[in-house]
Amino acid sequence: MSEEEGESSRCSPQAGAVTVSDVQELIRRKEEIEAQIKANYGVLESLKGVGMDEPLVDCEGYPRSDVDLYQVRTARHNIACLQNDHKAVMKQVEEALHRLHARDKEKQARDMAEAQEEAMSQSLGQSEGLRPPQAFAKVNSISPGSPASIAGLQVDDEIVEFGSVNTQNFQSLQNIGTVVQHSEGKPLNVTVIRRGETHRLRLVPTRWAGKGLLGCNIIPLQS
């Protein structure tokens, strides 16, 4: 096993124990390997533009004397090994993301079930004349596979609470943006009103394949 493969194995998260930090470490390793591949291609380029496939013998079958053959062979060998390491770490990234999303979905399902039970209990305990909580913003679009989608947010959800932001202290969407930027990778309690019912969700702002940390668009409600 090469040094790169050994380090990749050490970085590989164990099944069932994947965290956001594990994924970030794998991505860091991927970028490191890519930088090493680029550096070795730079070595080849500096040797009169020799690439991975150019012959190292002249037309008469003798070793070329115009390039450093040892450097060429070493760089080519390094590139081949690093490309294998890159494939391996990319597979680990894919598997880690899959397990992370699966774990989050299971946890979200449990949280949603508990939240629905709590909301139902609160609803039964409310007197008939009690006013529902006041919403200050609304979700008007959600990207599939985004953190917002995984959290269970839906289009037309009216937001009553978003982390520390509520009706009493909400001034503009910048309040929500600030909370999101300071909560990357951390769960936020989000309370919404959906078709007259209150739902309490757990949303984790996370970098994903799309734009932003949420993958949804929120608009303020008119006063």
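Rules used in this analysis
- Residues numbered from 1 in each chain as written.
- Predicted model: local features only at pLDDT ≥ 70, side-chain atom pairs only at ≥ 80, totals over all residues.
- Heavy atoms only, no water.
- Core = buried A, V, L, I, M, F, W, Y, C linked by side-chain atoms within 4.5 Å.
- Buried < 20%, exposed > 50% of the residue type's maximum accessible area, 1.4 Å probe, protein only.
- Helix = DSSP H or I, 4+ residues; strand = E, 2+ residues; numbered from the N terminus.
- Contact = heavy atoms within 4.5 Å.
- Salt bridge = Lys/Arg side-chain N within 4 Å of Asp/Glu carboxyl O.
- Pairing = 2+ DSSP bridges.
- pLDDT = per-residue confidence, 0-100.
- Arc of directions from axis to C-beta.
- 1 Å grid on protein atoms, 1.4 Å probe; cavity = no way out; pocket = protein on both sides within 12 Å on 5 of 7 lines; lining within 4 Å.
- Points joined across faces, edges and corners; volume = space filled by probe spheres on them.
- Nonpolar A, V, L, I, M, F, W, Y, C, P; charged D, E, K, R; others polar.
- Expected span 1.5 Å × (residues − 1).

## A few points about the nonpolar core
It is characteristic of soluble globular proteins that their nonpolar side chains tend to be buried jointly.
Move 1: In terms of nonpolar packing, the biggest core is built from 22 residues, with F136, L153, I159, F162, L203 and I218 touching the most fellow members.
Move 2: Only β1 (137-142), α4 (147-151), β2 (158-162), α5 (173-181), β4 (188-194), β5 (197-203) and β6 (216-220) provide two or more residues apiece to this core.
Move 3: Once residues lying within four places of it in the same chain are set aside, the contact partners of I159 are A135, F136, A137, V139, T191, V192 and I218.
Move 4: With 10 residues, the next largest nonpolar core counts V18, V23, V89 and V93 among its residues.

## Topic: the pattern of salt bridges
Move 1: Going through the model one piece at a time under the given rule, you end up with nine salt bridges.
Move 2: Here E32 and R29 are joined by a salt bridge, their closest N and O atoms 2.3 Å apart. On the criterion of helical spacing, the pair formed by E32 and R29 is a turn pair, its members being three residues apart in helix α2 (residues 20-46).
Move 3: The exposure class assigned to E32 is partly exposed, which follows from its relative accessible area of 26%.
Move 4: Residue classification places R29 among the buried residues on the basis of a relative accessible area of 1%.
Move 5: Of the charged contacts, one joins D157 and R194 as a salt bridge, the two residues approaching to 2.8 Å between their closest N and O atoms. Pair noted here: D157 is in the loop between α4 and β2 and R194 is in strand β4, with a separation of 37 residues, a long-range link. Side by side, D157 and R194 carry an identical accessibility label, which is buried.

## Description of the pairing of β1
Move 1: Pairing between β1 and β2: two bridges, direction antiparallel. Residue pairing for β2: K138 is matched across the bridge by E158.
Move 2: Relative to β6, β1 runs antiparallel, the two sharing five bridges. The partner of V139 across the bridge, within β6, is I218.

## As for the confidence of the model for the protein chain
Move 1: Looking at the protein chain, the pLDDT average stands at 84 and 86% of residues meet or exceed 70.
Move 2: Mean pLDDT across the elements of the protein chain ranges from a minimum in helix α1 (residues 3-11), with 46, to a maximum in β2, with 95.
Move 3: Note that pLDDT drops below 50 for residues 1-11; the model gives that stretch 15 contacts with residues more than four away or on any other chain.

## Topic: α5
Move 1: Buried residues of α5: I176, V179 and V180, and no others. Taken around the axis of α5, the buried residues stretch over an arc of 100 degrees, which confines them to a single face. Turned more than 90 degrees away from the buried face of α5 sit Q174 and Q181, all of them exposed.
Move 2: In this structure, the buried side of α5 is in contact with β2, β3 (165-166), β4 and β6.

## What to know about the layout of surface pockets
Move 1: Reported here for the largest pocket is a volume of approximately 690 Å³.
Move 2: Lining the largest pocket are 28 residues, with V20, L100, D104, V204 and T206 positioned closest to its centre.
Move 3: Contributing elements (two or more residues each) for the lining of the largest pocket: α2, α3 (69-125), α4 and β5.
Move 4: A class-by-class count of the residues in the lining of the largest pocket yields 14 nonpolar, seven polar and seven charged.

## Let's talk about the pairing of β5
Move 1: Bridge analysis of β4 against β5 gives seven bridges, and the strand direction is antiparallel. Bridging from a neighbouring strand, L188 pairs with L203 of β5.
Move 2: Counting the residues between successive antiparallel strands, the hairpin from β4 to β5 contains two residues, one of them, R195, with a positive phi of roughly 50 degrees.

## Remarks on α2
Along an α-helix, residues three or four apart share an orientation, since each turn contains 3.6 residues.
Move 1: Look at α2: 39 Å from first C-alpha to last across 27 residues, which is about the 39 Å you get at 1.5 Å a residue.
Move 2: Those residues of α2 that sit buried are V23, L26, R29, K30, I33, I37, N40 and L44.

## Comments concerning unusual backbone geometry
Move 1: Even without being a glycine, D156 presents a positive backbone phi close to 80 degrees.
Move 2: Here D156 lies in the loop between α4 and β2.
Move 3: Assessed through its relative accessible area of 48%, D156 is described here as partly exposed.
Move 4: Its identity as a non-glycine residue notwithstanding, R195 has a phi of 50 degrees, on the positive side.

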